[in-house]
Every structure is written in structure tokens, then in C-alpha cells.
Amino acid sequence: MTQIVAAILSAIKTLTKPLAEVSAHDAQSSHQGALVAVLRANRVFLQEQLQKESSLEEVRRLREEAMVAADWFGGDTEDATWAFVQECLLLLLTLSRQLSAELKLFQETASLSAARLRTPEMAPPLPPDVLSVAQQQTLSASLQFVVSLGLCPYLAPGVGVSLGRRSAFGVMVDKLVRGGMVPAAGCRLFTTTKVLMQLTELSCLATLVFTRHLGDVMAALIQLCYQPCRAERSCSKEETVHKLSAVESHTCKEALRSLLGKVYQPMIIKELLILQGGAKQDKSGAGRSFSSGTVSRSAPIWLKHVCGRLLSERLMQSNGVQAVVRAILEGGTGTDADWRKCDCVARILVTCPQQSASADTYYGQVCHQILELLHFKDQLTAQQHQRVATRAVLLMVQEKPNFAQQYLLTPLLGPLHRCFTASDEVHSQAAVEECELTRCVTDVYKIWVVGNSPSASLLTALEKVLPVIFTLFCFTKQNVCHLRAPCEEILLWYLSHVETSVAQSALRQLSGLQNPKNQVAAKFHFTPGSDGGACLSSREISSEEDDALYEKLSEEQWRMECLMQLLAELKHCDLPGDFFLDLLQEMASWEAAAVGEKEDNLELDISTMTLVEVEQRLLAPSAKQSRRLALLQVLAMIVDCVQHTVLLRKASQVVDFLMSLLQRACVGLDQASGPVLGSPVESETLRLGMGVVATLLSGPKLSTEDYSSMWRLLPPLELLFQKHPDVLIQQLASDLRAVIATHGAFQPENLPAVAPASMKPKMTVKNTQIETNNPQTSPHSCPPDRNLPSNRPPESFGKSAAKESPEGRTSGTSTLHLPTKPISDWLLEACDPDVPTKAFALRVLTQMVQRGNPEAAHNQETLLMLFLENLEHEDSFIYLSAIQGLSALADSYPDKVLERLLKDFQHGPSRTTSNKEHSLEFRLKVGEVLMRASRAMGELTSHLGHPLISVFLQGTRDPDQSVRASSLSNLGELCPRLDYTLGTLAQELCSCLTALIKTEKVAEVRRAAVHVITLLLRGLSDKTTQVLSDVLLDMYRALKWVVRSDPDDVTMLHAQLALEEMDDIMRRFIFPEQTLQKKIIVLP
């Protein structure tokens, strides 16, 4: 910076700095008088300095040159404030001219010196227009004087924010300037504005003007350009309007256009909104604190129109929507007030301005910018912009559906539309790029799911691309893709908000039960993208028909599995159940239609039909059969994949399900001429369904609505009662029909009026047991007798079932009610060739041993031989009962039994009648017995376990791989229960396991060896570091060797699990859990 510039800034500082020489009586007269005195004194003092100081001689010369060029300067004015403003403008203009000249010279010299060699350490030369902080403060003060004294007082009422509403000093300045007659107010406003715009041609001065006084400059320019010639009626007579010449008007309009074009657009829009709103009267009283009783006015009508037109121009230009949004929302904190602002901005964007040429032009320019608001990255900005865009789209869909469809929904869903309209011409490249598809799916998620406004237009638009989104979802389920969650949420949102009939139709299309619409083009498919998304590219058609058919079937199966996953997610919606019931209803209509088809086929006359009609007639059954098979497949998938609590979540759905079941059972009963029985499965299903009806009717406090919903069951129950061949079903249908018809007033004996919730499952089981044990279900049975067990009350039936249970086939987990027979009879029955009799006797003998029966203790040798003999039986029911008996004997009498079992496990069966060919199977069964015995030892493991470990360690060297694996499995069960007694055998055990891991060729044996380490670590837990302290490092190295070198994946997985267990143990050992305890110590 040169000395001339510093001198000019010094002169400006002298002019704007308050002087202490002002007399006190001037200040005491009034504030206005004091201000005028200060302004006059400063101006006089500056002129004296310019005349006397030699350092300011150059400043005086430049000032005079600027004065000659300034036709607006009048030095003989009597108005002290305007004279002060003129002096400030003259000095500022002088500074601007000098800085421009020096900057031009600097640029010329910089271009000449650019060719010189410069080292990288050299700093670039500083341009002359760079000002220090103190100098900027001086210029800011002078500009504030210019705007406050030479611009704001001459604005028309309601234009801009008046000085009286800014501060108490502003009130005084406003009264000072407006106190007297100002005939040249328009000229003064034009002069000040013109000089300020000249200053803004220099960037350093433009920054100071626009950052602090942008609104005032814009208000002045708009008033000079567009204020009508006649003042409004509300203006006083003194407030006349100065009419500019054509040249001056053109100059102001060009300056305004330049200002609106080069300043940051959100700032321009914010200031235009302030100007359009005006300074309204504040009713709270806070606004009157600076006005001193003056009445403030709202913006004039002409100003509102001008600001509205300018705002519309800002909005319709490139990035205008973003500028409007930033102007209103910039600086927000995400509070509720900001969200309300977002809604207001959305309303502004949707409303077509009056200044627009046509609505079509406006929405064509604005809508694509609204969609761009969805793609911001900054979190806070993205939330606000997304809110504005979503609300704007939803409002347009509701209020302007035609424009929304043309300019918003169609471009938004364009990539998805291209997925089913893709042609063969784009084989060389992707039909839909990854970035397009990702942006489209994300935008759909934001507007439909996040916006959550299910209007008809949005649902219809989404319905057209729903098959493509579902196909994309199926693709994402097969790969790692970030589009999976948005696609799933979109599909679930649509199915949850659309009408049930439309949702069912969509599900039928997605499952293949209806002709698909808008599917992905046949020769295209989705492929993984480079950024974790997906793109649509051409498909390579397989030349082999078998491969193409397999690929098609696999794709259809996968689509069905993905659809079932979607239905399973709709846990709080009735759609899965309604869809399931609709399919069942369609399946029930098949059989009714099948009878009519048979009659039509009998009456068919082919001679009167053409060949085409005959062909269509012959192909129709195969098409119907394929649709039925597809429906059965969908039903099977629903039953397998979707829980019953999701399918039948309401009582009405349960009733609909039972209605469908009963209707299918009634099909064909009208045409049956005699008592024809259906399949046992159908009869059993019907009985179970009627049992469910009985359970519903036995529920507590059934309402009238519940009985009304069951009223539909009366016709099929009546038909079953009259024509079903099964007498039990007839009777049950009659009872259920009577209960429903009388609303529970009639209650049969086997259907209590009130049944607790815990009895409902028992009632169903009771009915099933009746049907199983009742001999009258046979087609040759006689009519039922009321005295038979099937019609007894539940209490008596329970006792009867308990007595009859030994005659049936009970499971091993049930509790047997042992009849009073001697053990000799049971031993004889255990030798019976009949398998059920033998198995039941073995189970009874096992329970005798478990209960410590004295006779069983006396015959333990006989029982041991008996169980060992049956251990070789080929029937699984027999040898499993024998295994259970041997484990019970080993638990009760371990000394003798374990010794015999260990001997047989080592050398095979010792009995002379044993089959040597099945020695391996026998040894494995004995190993199972030993494993169960190890689990049952409990605290005796440390005493009885060492002989077992010795035998199992020897078994790891057996020639047969199955015996080696069995021995290792038993070691894994036994060793963790030895606790600290394992310490003496730890070295031997570790050596054995390490050798097997590294040298064993069979993968199954290596897996078992690694699994032993896993079970050992898991069982010892925190004791591991004490029990296995000597061998823990060797085990760790062996496991790491497996992870690095073993070729078997399962063995590596077992090793990783063992390492995780070891890692958890060592972490707890090194970083023990901190426990806080309170201790009370009594001091002596």
C-alpha cells in the first residue's frame, strides 16, 4: 500500500472521528444540535488539515480532481448533514480512483515480473487494495455515515427498514434529516446510490458495502427504478417523488441488474423478502422503543410487486430453488421452527407466481431443481433440503397432479421405467447405470417412505415400477448391496398402505399367479456395481435348454423365498393372512368347478367344433393345471416360511380359515350317492379344524360379534352333519352347530361352557385321542353308543387315557404308570420276539433301575446281559432302549458295569453268541452308553473318570476311524468334568490331541480332536489357566497351525471357535472384571 492511500484513509478517519473541542453548551442544547455541531466541526477541521498539512497535499490534489469529475458536488450547501455526506462520498471516491490506478499498475508490473525466476519460498507480492483491520474499520465507519445520513433518510415510507426501528441514534438521525423541507431528496438519494455503486466496482470496497449495507442499497435502487411518479395517497404533500431522466433511470436499472447478478443469491433473496415484507407495526411495544411514537408503515404495493417479480426471477434461474431454500433455512438448527420453515418453503415452490409466463414453463424450470435437493451430502443441510423436496413433491401431487406426473414422478422413476422398456440396442453398455439406479431408489425411499403420504397418485406411480423394485430386491438378497434395505422398505410401505385388494393383486403378480406386468426386460438382468450398488445390463442367453430351464426355475424359487420374507416382515398387518385366505378360497373353488368340468366334458361334441377350438379345448386343462400347481406351491411356501401368528393374527381370520376348510370338506358331498369316505389325511384335517372351532367356542366371555362371525359356519356344519360318512364328524358338527346357533346357551357334555386358557390345547388333544382310540371310525362300524369312552366327560376321559396308555406306544420321555408285575414277567416279555412288547418291557426295566427297585438291584447281572444282548438288535427302537438301560445301570452300579462296558468298547462284544461282523456297530453303541454315563457321573467324575480316560486315549489309536472319532467325542464330554483332577493327565492328553491334529489323515477325526479342545476350554472356563497351564501354549500353537494349514474348512471352523474361547478366557484372566464391594472395618 502506497503512502497516498494511507493519507486518504487518514483524511477519512479525521472526518469521521469525533473531536473533543466541541463546546459543552452545544451538546446540552439537544442531541440533534450536538450531532450537527460535530459534523460541521469535523468537516471544517478536515479542510484546514488539507490546506495546512504538506503530507496531505497529494490528497488535496486528488480530491480536487474527483470534485471536478463529480457533477453532483455542491460545496455551498447550508445543510450540514448533506455537506458531511458529500465530503465522505468525495473522499471515498478519491480512494477508489487511487486504488484502481495502483491496482492497474500492479497488474502490469506483476505480468512483467512473472517471467523472473522465483524460488518456491518467496511469497507472492501483496496487491495494493489489501487493507488492514483498522483501515477497514475506518472505511466501515465512513460508509455507515453515508448510508445513515445520505441514503436511508431519503427512502420512501415503507421502503426498507427505517432508521427509527434500528436504534435510538437512528431515531435522532431520522428526525434530524426529515425535520426540515428537503426538496432535492430524490437527487440526494440518486447521488449517494450512484457513488456507492461506483465504489463496488473495486472488490475490496464492494465487500464492505455489500456485507453491511446490501439491503439499503437494494432498497434505494428499487425505489429509483420503479417508484411511481405520483406518490401514494398515504404520503404527505412534502413527500414528492423525484423523476429521473432516461439516462439516470437506465443507469439505475443496469446497476440493479448487475447487483442482483453478482452477489450471493441467498443474500439477495433474503433482502428481497425483507423489502417485500416491509417494517410492520410491532404490537408488543418492543418495536416502539426506538420509534418515539412514529407510525411505521408496511411496504407499498408497488414495492411488493417489484420484489415479487424479482424473487420469481431469482427462483426460475439456474439453481434458483437451492438459493431460495438456503436464503430461508441457512443457519437453522433443526428445531421444530426450522421444520415449519421447510413446509413454508415447499408451499412457496409449489405455488406458481403471477409473474410467470405460464405454469408449464414455471414447473418445467423448477421441478428438476426440487429433485436435486434430495442429493445433498451434509447431514443438517441434507435433512432440511430433503424435507423441503419431499413436502414440495407431496404438495404438487395433491394440488397439481398433472404437472407432478409430467415433471416430477416421470423423471424421478425414469431409471426404473427403463428397466422394463430396455431394448436390444444397448448390448454394449449398461441399460441403466449404477449411479442412476442408486439415486432413483434412494429418492423413491425418501419421498414415498420417509414422506409417508400415501396418496392415490403416489401409490399408482409406485405400482407401475413395483415388479422392478421387487426384482432388484431379490438380486440384493443374493449379494452384498446397499440397496437391499431401501428396496425392502419401499415394498413393505407399499403393501402396508395400499388397499387390500390391490395389495393382493400385486402379491399375485410377484408370485407368478397372475400375468406379470412391467417386469424387467427379458434379455436384461441386474448385475453388481462397482460401488456396492447394482446396474441393469444385457443377459447372456444360454444355448443349452436344460441350463436355461434350470436357471429359470431357480430364479422363480428364489423370488418366492424373497416374497415370503417380505410377508413375514408384515407382522402388524392383516395382509399376509388375507392373502393366505384368498388363496385358500381359490383352492376351495377348484373342486366345485371340477365337477362342472366333468359334466361339460361328457356333453362335449367335437364334431361341431373347429380345429382351433378343439386345440384350445384340449390345452385348457393343462393351463389350469399349471395355475393350480403354482397356487399350491405358493401356499406351501407361505405355510413353511410365515408363522401362524402372522397369518392368523385376528379371530375373524381364524374363522375365515375354518370356513375355507369346511367348504373344501363339503365339496362333493351333494353329488355323493352313498357313504364314500375321503382320505384319512382329509378326515384328520377336518377333525382338527372342528377341534379348533370347539376351542374357540369354549373361550371365556365370547361376545355377540364373535358368534356373529361364526354364523357363516352353520351351512357347512349342517351339510357335514347330514351327509358326511364319518359318524364322529357328524356328531361333532351337530354339537358345534347347536352351540353357535344358540350363542352358547346349549352346551354338550364334551364341550364345557367355560374352559380356561390352559385347557384349550388339552381339548384338541382329547378330540384327537378319541378319534384314534374310537373303533367306530372304521367304515364297518355300528352307530355310536353314548356310553362309549368317546362321549365321556373330559375328567373321566383323562383317567381312561391314563389307564389305556400302556397298551399304546409311548415315547421315551413320557412317564409310565407301571402295573404291579414281578420283574420275572418283565424279563420274559423282554425276550418276546414282538418288537413293541420287547421295547416296552425294556423301558419298564430301565425305570425300575432308575427308581432303585430292590428286585432290579438283585438281578443286575441278568439285566446287564439282557441289555447287552439287545444292544445288537437291528431295530432302532430296541437298541436305543437298551442304550438307555445300560446308561441307567452304569449310573446306579458303576463299579461293575463300567468295567464290562470299557472291556467291550476296547475289544468288541465278549459274548460267544455275538455277531463278529457287527463288532464295529456294537462298539460305537457302547461308546454312546459311556458318553451318557460320563454326563451322569456328576461329582463322582474325578473318582470314576480316570479308567475311562485311559480307554478313550487308547481308542484314539484304533485302526477304525469311527472308533477314533467316538473316543475323541467321549473325551470331549468327560475331560471338562474332571476339573483340577485333569492336571496329571493334561500333558498326555495334549500330546495325543496335537499328534492327531497334525498327523491324522481323516478329516472327521481331526474335527473331533479340535472339538475336544473347544469343549475342554468351554467346560473349564476360568479354571483353564490353572488346570492347563503347562499345555495351554502347545494347544494354542496347534490351533493356529490348523487355521493356517488344514485343508478341511470344517476343521478350520472348529479351530477358530476354540481360539475364540481361548481369547475370551485370557481376556478375563488379564483384565478381570472390577467388582465394587463395601467393607465395614471396626477399629479397635
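Residues numbered from 1 in each chain as written. Predicted model: local features only at pLDDT ≥ 70, side-chain atom pairs only at ≥ 80, totals over all residues. Heavy atoms only, no water.

1. Structural notes on the confidence of the model for the protein chain
The condition is simple: The predictor attaches a confidence to each residue, called pLDDT, with possible values from 0 through 100. Whether two residues touch is decided by their heavy atoms; if any such pair falls within 4.5 Å, the residues are in contact.
Confidence in the prediction for the protein chain averages 78 pLDDT; 81% of positions are at 70 or higher. Confidence over residues 672-677 falls short of pLDDT 50; this stretch has 5 contacts with residues more than four positions distant or in other chains. Confidence drops under pLDDT 50 across residues 752-818; counting only partners more than four residues distant or on other chains, this segment forms 72 contacts.

2. Focus on the packing of aromatic side chains
Centre-to-centre distance and the angle between the planes together describe a pair of aromatic rings. Basically, it comes down to this: Stacked, edge-to-face and tilted labels apply to pairs of Phe, Tyr and Trp rings (six-membered ring for Trp) whose centres lie within 6.5 Å, assigned for plane angles under 30 degrees, over 60, and everything in between, in that order. Put simply, DSSP marks the helices as runs of H or I at least four residues long and the strands as runs of E at least two long, and each gets a number from the N terminus on. The cut-offs for exposure are 20% and 50% of the maximum accessible area for each residue type, with area from a 1.4 Å probe on protein chains only; residues under the lower value are buried, those over the upper are exposed, and the others partly exposed. Definition used: whenever NZ (Lys) or CZ (Arg) falls within 6 Å of the ring centre and also within 35 degrees of the ring normal, the charge is taken to sit over that ring.
A full pass over the atoms with the stated rule returns 10 aromatic pairs. Ring plane angle 85° and centroid distance 6.4 Å describe the contact between W82 and Y154, whose orientation is recorded as edge-to-face. Of the two residues, W82 sits in helix α5 (residues 80-113) while Y154 sits in the loop between α6 (133-150) and α7 (168-178), which places them 72 residues apart along the sequence. Take W82 and Y154: they sit in the same class, and that class is buried. Positioned over the ring face of Y879 is K925, at 4.0 Å from the centre of the ring.

3. Points about a nonpolar patch on the surface
The cut-off we apply is this: Surface patches are defined over residues having more than 30% relative accessible area and no salt bridge, joining like charges when they lie within 9 Å and nonpolar side chains (Val, Leu, Ile, Met, Phe, Trp, Tyr) when within 5 Å. Exposure was quantified through the Shrake-Rupley algorithm and a 1.4 Å probe, taking into account, for residues, occlusion by the shown protein chains and nothing else. One speaks of a salt bridge when a side-chain nitrogen belonging to Lys or Arg is within 4 Å of a carboxyl oxygen belonging to Asp or Glu.
A cluster of nonpolar side chains, contributed by F1069, I1070 and F1071, occupies part of the molecular surface with about 370 Å² of accessible area. Of the residues examined, I1070 reaches a relative accessible area of 52% and is grouped as exposed.

4. Re the nonpolar core
Using the following cut-off: Throughout, nonpolar core names a set of buried Ala, Val, Leu, Ile, Met, Phe, Trp, Tyr and Cys residues whose side chains join them through atoms within 4.5 Å.
With 195 residues, the main nonpolar core has I222, W448 and I638 as its most contacted residues. Among the elements that make up this core, the one with the highest residue count is helix α9 (residues 203-226) (15 residues). Residues within four places of W448 in sequence aside, it is in contact with L409, L412, L413, S453, L458, L459, A461, L462 and W493. Counting 82 residues, the second largest nonpolar core, distinct from the first, contains W826, L978, A1009 and A1058.

5. Examining unusual backbone geometry
The residue N319 is not glycine, and still its phi comes out positive at about 60°. A positive phi angle, close to 55°, is found at S1021, a residue other than glycine. By secondary structure assignment, the location of S1021 is in the loop between α44 (1003-1020) and α45 (1024-1027). Residue S1021 is classed as partly exposed on the basis of its relative accessible area of 24%.

6. Let's talk about the environment of I740
Its location among the elements puts I740 in helix α31 (residues 727-741). For I740, a relative accessible area of 0% gives the class buried. When residues no more than four places from it in sequence are discounted, the contact partners of I740 are V693, L697, Y707, M710, W711, L713, L714 and L717.

7. Quick word on the pattern of salt bridges
Across all of its chains, the model carries 27 salt bridges by this definition. R347 serves as the salt-bridge partner of E399, at 2.4 Å between the closest nitrogen and oxygen. Of this pair, E399 sits in helix α16 (residues 379-399) while R347 sits in helix α14 (residues 336-350), and the two are 52 residues apart along the sequence. As a salt-bridge pair, R539 and E551 come within 3.3 Å of each other at their nearest N and O atoms. Placement of R539 in the loop between β2 (534-538) and α23 (545-569) and of E551 in helix α23 is noted, with a sequence separation of 12 residues between them. Residue classification places R539 among the partly exposed positions, given a relative accessible area of 22%. When its relative accessible area of 36% is taken as the criterion, E551 is described as partly exposed. Among the charged side chains, a salt-bridge network with shared partners connects E58, R61 and E65.

8. Brief notes about the packing of α44 against helix α46 (residues 1032-1045)
The criterion, for reference: Axes, fitted as lines to C-alpha atoms, cover a helix only where it is in contact. Angles between the N-to-C directions of the axes lie from 0 to 180 degrees. Comment on the angle field: the value is read as roughly parallel under 35 degrees, roughly antiparallel over 145, roughly perpendicular from 65 to 115, and oblique elsewhere. Crossing handedness follows the turn of the near helix against the far one: under a right angle anticlockwise gives a left-handed crossing, and clockwise gives a right-handed one. Polar here means any residue outside two lists: the nonpolar Ala, Val, Leu, Ile, Met, Phe, Trp, Tyr, Cys and Pro, and the charged Asp, Glu, Lys and Arg; Gly therefore counts as polar.
For the pair α44 and α46, interaxial distance at closest approach is 11 Å and the crossing angle is 135°. Judged by the angle between their axes, α44 and α46 are oblique. Here α44 and α46 pass one another in a crossing that is left-handed. Facing α44, whose interface residues are V1010, I1013, L1016 and L1017, α46 presents L1032, M1035, L1039 and V1042. Grouping the amino acids of the contact of α44 with α46 by side-chain chemistry returns 8 nonpolar, no polar and no charged.

9. Side note on α44
Residues spaced three or four apart along an α-helix face the same direction, because each turn holds 3.6 residues. Operational definition: Multiply 1.5 Å by the residue count of a helix minus one, and that product is the helix's expected span.
Spanning 18 residues, α44 covers 26 Å between terminal C-alpha atoms, matching the ideal 26 Å at 1.5 Å per step. Among the residues of α44, A1003, V1005, R1006, A1008, A1009, V1010, V1012, I1013, T1014, L1016, L1017 and L1020 are the ones counted as buried. Buried residues along α44 sit in contact with α42 (961-974), α43 (986-999), α45, α46 and α47 (1049-1070). Looking one or two places after α44, you find S1021, whose phi comes out positive at around 55°.

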